[in-house]
Structures are given as C-alpha cells and as structure tokens.
Amino acid sequence: DQQVKQNSPSLSVQEGRISILNCDYTNSMFDYFLWYKKYPAEGPTFLISISSIKDKNEDGRFTVFLNKSAKHLSLHIVPSQPGDSAVYFCAALSTGSNYKLTFGKGTLLTVNP
Amino acid sequence: KAGVTQTPRYLIKTRGQQVTLSCSPISGHRSVSWYQQTPGQGLQFLFEYFSETQRNKGNFPGRFSGRQFSNSRSEMNVSTLELGDSALYLCASSWRQGDGYTFGSGTRLTVV
C-alpha cells in the first residue's frame, strides 16, 4: 500500500523553464509534507516543506502547493537550472502520531542546458 | 556545524553474516531515524529513536535492530544478511520529532 505516490519516474525540462513535480497521497492523517532532493551517492537534502494548514509555501526558486481536497501537492522550480538535475522525493508525515517520514519513489529531474 | 555522519560509507558482506552501521547526528539533535533505499522500493522507514528510546518501527523483520546511546549516536544492526538487504542505508537526525530532518550520506551495503 503506497501512501505517497510520485507517478512520474522522470521529467526533462529546458534550462530557464518551469519544472513541476507532482505527488499524491492517500492517508488523510498526513499533515506535514516535505520535498527532498537527492544526488547519487549522497543522502537526501531537505528543500522545502508545507503544513496542511497552508496551501502554498515559497522559498526562492522553489514553491510547494498543497491541494488537500485532492490530496495532491506539487513542487515548482522556476527558473530551472542544470544544477537542479537530481532525484526529487516527496515525503509526508503525521505529526499527531508516529512522525515517521513516508516517501514517494522519487522523480528524476533532468534540466537540459 | 558538522552534518550527520554515517560510517562506513561502503561495506561488502556475505550472506549469513551480520553488520553494524553507525550514525552520528548533528550536535543537539535527539531524534535519529533510519531508512533503507532500494531501486524498487524507494526510501522505506526502518525505525526512529528519541532520547535512547525506540519510538517507531517500520515493517522490517526482526533481523533489523537498532539502538541509540546517551550521546544520541545510533547504530543499526542487521543479522543473518540476505542478498535482498543490499541497499543504501540512510540515517536522519532532527532536534525534535517531525521537523527539519537532515540526512547523512548513507552506507552502501552490498551482500554477496
């Protein structure tokens, strides 16, 4: 039972354009969502998070949108840069229960110069 | 400030052996979590320790165990290794549960 789903295994975008990475979840108990970026042979690096009481959070080039009714969140990267090329993981947790991070399987983003 | 340190970075073991992996969290962080990353399953939660107590456990067999010491350093142990245990094992720490997890670079375990 995959509670956090990233349905696109890969995404290719031109430098300077917008990258949109999507994530769906099924567990309505999740109330905190995070995006991580991962390069090969390194651990995930925290990018941005959003609480379920918000619908948008912005940090520089990164914006996360949350649609609770659709149980969907997305990460927008504008403008995309070649250095953004990495695997992006969506993660969710329930702060009221066990605090464990449940990850999606990741989306490989390639930003072409 | 030093990040999360995992040792060793790479490890090769044979089936049936046991292995111990180490994680030193960021200074001041009391929560340490362990995750297994495999190509097919992505990142899966193993367990979480907070102030030397195991707070949460994922759906892994009893061969996987861990502990946390008074200085917040944590170890995980896998006994009777199987080929399917080959994976990247990641440790994450935070100063409190549910916030600001920082990951280490991981230990790449290969079981042959």
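Keep in mind it's a predicted model, so treat the numbers as computed, not measured.

Novice: I'd like a rundown of the overall build of chain A, residues and numbers included.
Specialist: In terms of regular secondary structure, chain A is built from 0 helices and 11 strands. Across chain A, helices and strands are ordered from the amino to the carboxyl terminus as β-β-β-β-β-β-β-β-β-β-β. Computed over its C-alpha atoms, the radius of gyration of chain A comes to 13 Å, within 12% of the 13 Å expected for a compact globule of 113 residues. The C-alpha extent of chain A, read off along each of the three principal axes, is 45 × 30 × 20 Å. Across the 113 residues of chain A, 43% fall into the buried class. When the accessible surface of chain A is split by element, carbon and sulfur atoms take 49% of a total near 5400 Å². Both charge centroids of chain A, one from 11 positive and one from 9 negative side chains, sit 4 Å from each other.

Novice: Can you break down the interface of chain B and chain A residue by residue, with the values?
Specialist: Listed per partner, the contact involves 19 residues of chain B and 16 residues of chain A. Of the roughly 1500 Å² buried between chain B and chain A, counting both surfaces, carbon and sulfur atoms make up 58%. Applying the counting rule to chain B against chain A returns 4 residue pairs in polar contact (both at pLDDT 80 or more). Looking at the side of chain B that touches chain A, the elements that each hand over two or more residues are β4 (31-38), β5 (42-50) and β9 (87-94) of chain B. For the side of chain B that touches chain A, the element with the highest residue contribution is β5 of chain B, accounting for 3 residues. For the side of chain B that touches chain A, the residue count by class is 8 nonpolar, 8 polar and 3 charged.

Novice: Residues and numbers for the side chain of His76 of chain A, please.
Specialist: All names here are of chain A. Relative to the helices and strands, His76 is located in strand β8 (residues 72-77). A polar side-chain atom of His76 sits 3.4 Å from a polar atom in the side chain of Ser74. With residues near it in sequence (within four places) discarded, His76 still touches Ile18, Ser19, Ile20, Arg61, Phe62, Thr63 and Phe65.

The rules behind each value
Residues numbered from 1 in each chain as written. Chains lettered and ligands numbered in written order. Predicted model: local features only at pLDDT ≥ 70, side-chain atom pairs only at ≥ 80, totals over all residues. Heavy atoms only, no water. Helix = DSSP H or I, 4+ residues; strand = E, 2+ residues; numbered from the N terminus. Rg over C-alpha atoms; globule rule 2.2 N^0.38 Å. Buried < 20%, exposed > 50% of the residue type's maximum accessible area, 1.4 Å probe, protein only. Areas by Shrake-Rupley, 256 points an atom, 1.4 Å probe, with all protein chains shown as cover. Lys, Arg positive; Asp, Glu negative; His and termini not counted. Charge placed at Lys NZ, Arg CZ, Asp CG, Glu CD. Contact = heavy atoms within 4.5 Å. Buried area = accessible area lost by both parts, 1.4 Å probe. Polar contact = N/O pair within 3.5 Å; in protein donor to acceptor, adjacent residues only side chain to side chain. Nonpolar A, V, L, I, M, F, W, Y, C, P; charged D, E, K, R; others polar.

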